[in-house]
Each structure stands twice: as C-alpha cells, then as structure tokens.
Amino acid sequence: MATIRKVSGKYYARFYERGRDPKRKTWPLRTSRQDVARKRCNKLEEAFREGTFDPWKGGYLKENINLSGAIEQFLQEKGKTVRETTLDDYQSKLEHWERDHTPTGLMCRDVAPAHLRNYVYDPDVSNRTKRSRYGVLRTFLLWCDEQGYLDESPLDEIKKPKKEKKQPAYFKPEQIEHILQAITTHRETQRGKPGPNPDDEWLAAMIRVGVCTGLRRAELINLRWYDVDLDEGFIAVRNREDGSFKAKSGNERTVPLRGDGLEHLREMHEARTDDLDGPVFTDKNDNPIKPDRVSKRFKFFVRKAGLKNADRLHFHSLRHTTGSWLAMRGVPMPVISKILGHSSTDVTEVYSHVSQDVTVQAMEEVFGSA
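Residues numbered from 1 in each chain as written. Predicted model: local features only at pLDDT ≥ 70, side-chain atom pairs only at ≥ 80, totals over all residues. Heavy atoms only, no water.

Q: Where do I start with the packing of aromatic side chains in this structure?
A: Two numbers describe a pair of aromatic rings. These are the distance of the centres and the angle of the planes. Within this structure, the stated rule accounts for 11 aromatic pairs. Aromatic pair Phe 48 and Trp 56: ring centres 6.2 Å apart, planes at 50°, arrangement tilted. Grouping residues by exposure puts Phe 48 and Trp 56 together as buried. Ring geometry for Phe 74 against Tyr 90: centres 5.4 Å apart, planes inclined by 55°, an arrangement best described as tilted. You can see Phe 74 sitting in helix α2 (residues 67-78) and its partner Tyr 90 sitting in helix α3 (residues 84-101), a full 16 residues away along the chain. An aromatic cluster of three or more residues is present, and its members are Phe 74, Tyr 90, Trp 97, Phe 140, Trp 143 and Tyr 149. Here the guanidinium or amino end of Arg 258 rests over the ring plane of Phe 234, the centre of that ring lying 5.4 Å away. The positively charged end of Arg 297 is found above the aromatic ring belonging to Phe 300, 4.6 Å away from the centroid. (Phe/Tyr/Trp six-rings, centres within 6.5 Å; stacked < 30°, edge-to-face > 60°. Buried < 20%, exposed > 50% of the residue type's maximum accessible area, 1.4 Å probe, protein only. Helix = DSSP H or I, 4+ residues; strand = E, 2+ residues; numbered from the N terminus. Lys NZ or Arg CZ within 6 Å of the ring centre and 35° of its normal.)

Q: I tried to follow the nonpolar core on my own but got confused; where do I start?
A: Judged by nonpolar contacts, the single largest core of 43 residues is most densely connected at Phe 171, Ile 207, Leu 265, Phe 281 and Phe 298. For this core, the secondary structure elements donating two or more residues are α6 (173-190), α7 (201-213), α8 (217-221), β7 (234-237), α9 (259-271) and α10 (291-304). In terms of residues, this core owes the most to one element, α7, which gives 8 residues. Excluding its chain neighbours within four sequence positions, the residues that come into contact with Ile 207 are Ile 176, Ile 179, Leu 180, Ile 183, Phe 298 and Leu 318. If you look at the next biggest cluster of nonpolar residues, it comprises 27 residues, including Ile 65, Leu 106, Tyr 134 and Trp 143. (Core = buried A, V, L, I, M, F, W, Y, C linked by side-chain atoms within 4.5 Å. Contact = heavy atoms within 4.5 Å.)

Q: Explain the side chain of Ser 337 here, please?
A: Within the fold, Ser 337 resides in helix α12 (residues 333-340). A distance of 3.4 Å separates a polar atom in the side chain of Ser 337 from a polar atom in the side chain of Thr 348. Ignoring anything within four residues of it in the chain, the contact list for Ser 337 reads His 342, Ser 344, Thr 345 and Thr 348. (Polar contact = N/O pair within 3.5 Å; in protein donor to acceptor, adjacent residues only side chain to side chain.)

Q: Even after reading the chapter, I still don't get the side chain of Lys 93, so can you show me in this structure?
A: Within the secondary structure layout, Lys 93 lies in helix α3. Of the residues examined, Lys 93 reaches a relative accessible area of 15% and is grouped as buried. A distance of 3.3 Å separates polar atoms of two side chains, one belonging to Lys 93 and the other to Ser 132. Among all residues touching Lys 93, those that are not within four sequence positions of it are Tyr 119, Ser 132, Arg 133 and Val 136.

Q: How should I be thinking about the sheet that holds β7 in this particular structure?
A: Strand pairing in a sheet relies on backbone hydrogen bonds, with the paired strands running either antiparallel or parallel. Taken together, the 3 strands give an open sheet; going across it, the order is β6-β7-β8, and neighbouring strands pair in antiparallel fashion. Only two strands of the sheet have a single neighbouring strand rather than two, namely β6 (228-229) and β8 (253-256). (Pairing = 2+ DSSP bridges.)

Q: Looking at this model, I keep getting lost on the packing of α7 against α9. Mind explaining?
A: The packing of two helices is summarised by the inter-axis angle and the distance between the axes. At a closest axis distance of 8 Å, the pairing of α7 and α9 adopts a crossing angle of 140°. Classified by the angle their axes make, α7 and α9 are oblique. Crossing of α7 against α9: the hand is left-handed. Only Asp 260, Gly 261, His 264, Leu 265 and Met 268 of α9 make contact with α7, whose side of the interface consists of Ala 205, Arg 208, Val 209 and Cys 212. When grouped by side-chain class, the residues that make up the contact of α7 with α9 number 5 nonpolar, 2 polar and 2 charged. (Axes fitted to C-alpha atoms, helices over the stretch in contact; angles between N-to-C directions. Parallel < 35°, antiparallel > 145°, perpendicular 65-115°, else oblique. Left-handed = near helix turned anticlockwise from the far one by under 90°. Nonpolar A, V, L, I, M, F, W, Y, C, P; charged D, E, K, R; others polar.)

Structural measurements only, silent on function.
This is the structure we're talking about:
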C-alpha cells in the first residue's frame, strides 16, 4: 500500500491506490533515519486502513489543533495534578518555545524536530537548562500523543542532553569556620550603625546543624522542637499531617545528631522561653525563616569569608559536605545514603570520588609504598 523513499536526505511515504487521482501520493515522514521512517510509514498505513488518514485529503481526518490551543489545554489539565511551581515551569518553557522557535499558528501535527532542536540545544543556556527544556517538551508531546494530536513525537529524533558528571562542591572544616567568623564579624562591625542590626544568628545555627546532619534546606526550615531528641541525640524528619511539609520522596527518617550541632541546639533550647514546640530556627522576632532568605544570606557570607570557590558553593553544599566528610572517613555508601535520606545508593555514589583517598591510604598502610 505504501513504500518509503529517500529524497534529498529525507524519507517520504509513497501511497498508491488505483482509481485515485493521482494514483500515487507522497507524504513527508520528517526523518532522515530509515528505522524511524519505516515505523512512521507503518503507522500511516494502519491509519489509512482505519479511515482516519488520507494523504489525498490532506492527511489525518480526525481533529487537528494548533500548538497554542494544545498548550492551553495541557496547562489546564496539568493544573489539576501538579504543584503550582511545576505548572509555572511548564507554562514559561512552553510559551517561550512556541513564541521564539515555532511559526505562528503551527499545527500540532506539523511540529518537526527542527522546531525542537534549536530550543533544547540553545548554546547560551546551561546543560541543566537544556535537560529541563527537553523534559518539559517530552511531557507535553507525550500528552499530545495521548490526545491524538500527533502521529509520532518529533522528539524521537532529538537526543536527550547528557547529564554532566560534575563532582559536588563541599567545604573544608576551616572554610566552615571562616563563614561562621564572617557572620560574627559582620554583626560586630554593624553594631551601632544607622539602620537595623544584622540578624544572622539563626544562619550560624543552621550552618552548624546542617553540616552535622546533612539535612536539606527545607528540612532545616521546617524542623520543630518536638522533632529533636536532645537526650538521645537524634533529629526526626517527619511529614506534617497538615500538608505544610513533606520529606523528599515522602520518606521520613531519623538522623543522629552529634558534636557541635547537638551542643548548639541544647544551648538554643535552654535559651528559649516561648513555644518550645515551634520552629527550631527563627529570626530575632521569632518569625520562621523563608527559603530564599537562607540562600541569599548564606551566599553573602560565603563571599564575605573570601572563599576562592565561592561561585560553586551554595547552602546545599553543606549537605554535600556531610556526605563528603563521611566518605573521607571510610563510611560505607549505604550508611551515608541512609543518613542523607537518598532514594537509592546510586545517588550517593557522587561521593565515591572522595572515598578514593581512604582506599589509597588503606593500601599504603597494608602494602606500603612502591
């Protein structure tokens, strides 16, 4: 019924039916790969037999919708099931793609790989952004396929951007001390000057506890005093019944609390006179700390401390520091994974590079140097 042929590097499906005018009709398969062309041709043949596709009548006979309308429908449907931040991400990326990388009024069935490639592989964006764009387009185009708006996903011909294997940045012990000293020095130098006095003691406390436990920023912000067992030295990361906080992947865990972090929390607990079941970390007015405030103030003091690799160091680097320090002491990956609350030890393998020094040292001790 249909054959494939290659013209100027692209494949076409060639239909033949006696009694039609003309007897032969070609249809673009929008691919330069023979295996993809054959698959698409087979699908067109099946649709032709079912009466839903006719190249002599303009292609698919069922509903066709333009890209703008499909995006609007997609966002309305996803708005019922995803978080508002996720929905905003879908909307901003899809609208940017449609506006800057597709012709006005483009129909869904006419979306081609070329419309996707320049957007995904924009040389002016980071690899992380490329992967994010690819993921959003993949979700949208899969939805379009389910709605019957596509014949084949044009994303099939676009390679997914590879994840860059960058080793996470982490702090050395002296760098943590430099940051804590920068907080103290800033408070002392600003005391008595016009304007409000610096309010960053909560940040110093959060740093001390964060580096001793590996807790995420959200876990620290949402930590309550009833989650902390100061006698036994444990912190419980719990999901809130009111839905105000949910641990990543929904996995609750208990984290041992030792050393400087434990002693500092004991001092904080003894000093508090108000709601001892409230948030552990609050500002001087006992207000909860907002996530952006944590990140911005932390970055401010990383720069104040004059650390050489300041651009790579963020609040989340404290968590990487916990994992890295544990790995450097020879702690097994499954144990580190349990402490950090990773979904699998595959995630924890990012710290394997720092444990190599431990294995080298062990071999040196047993076999000696060459």
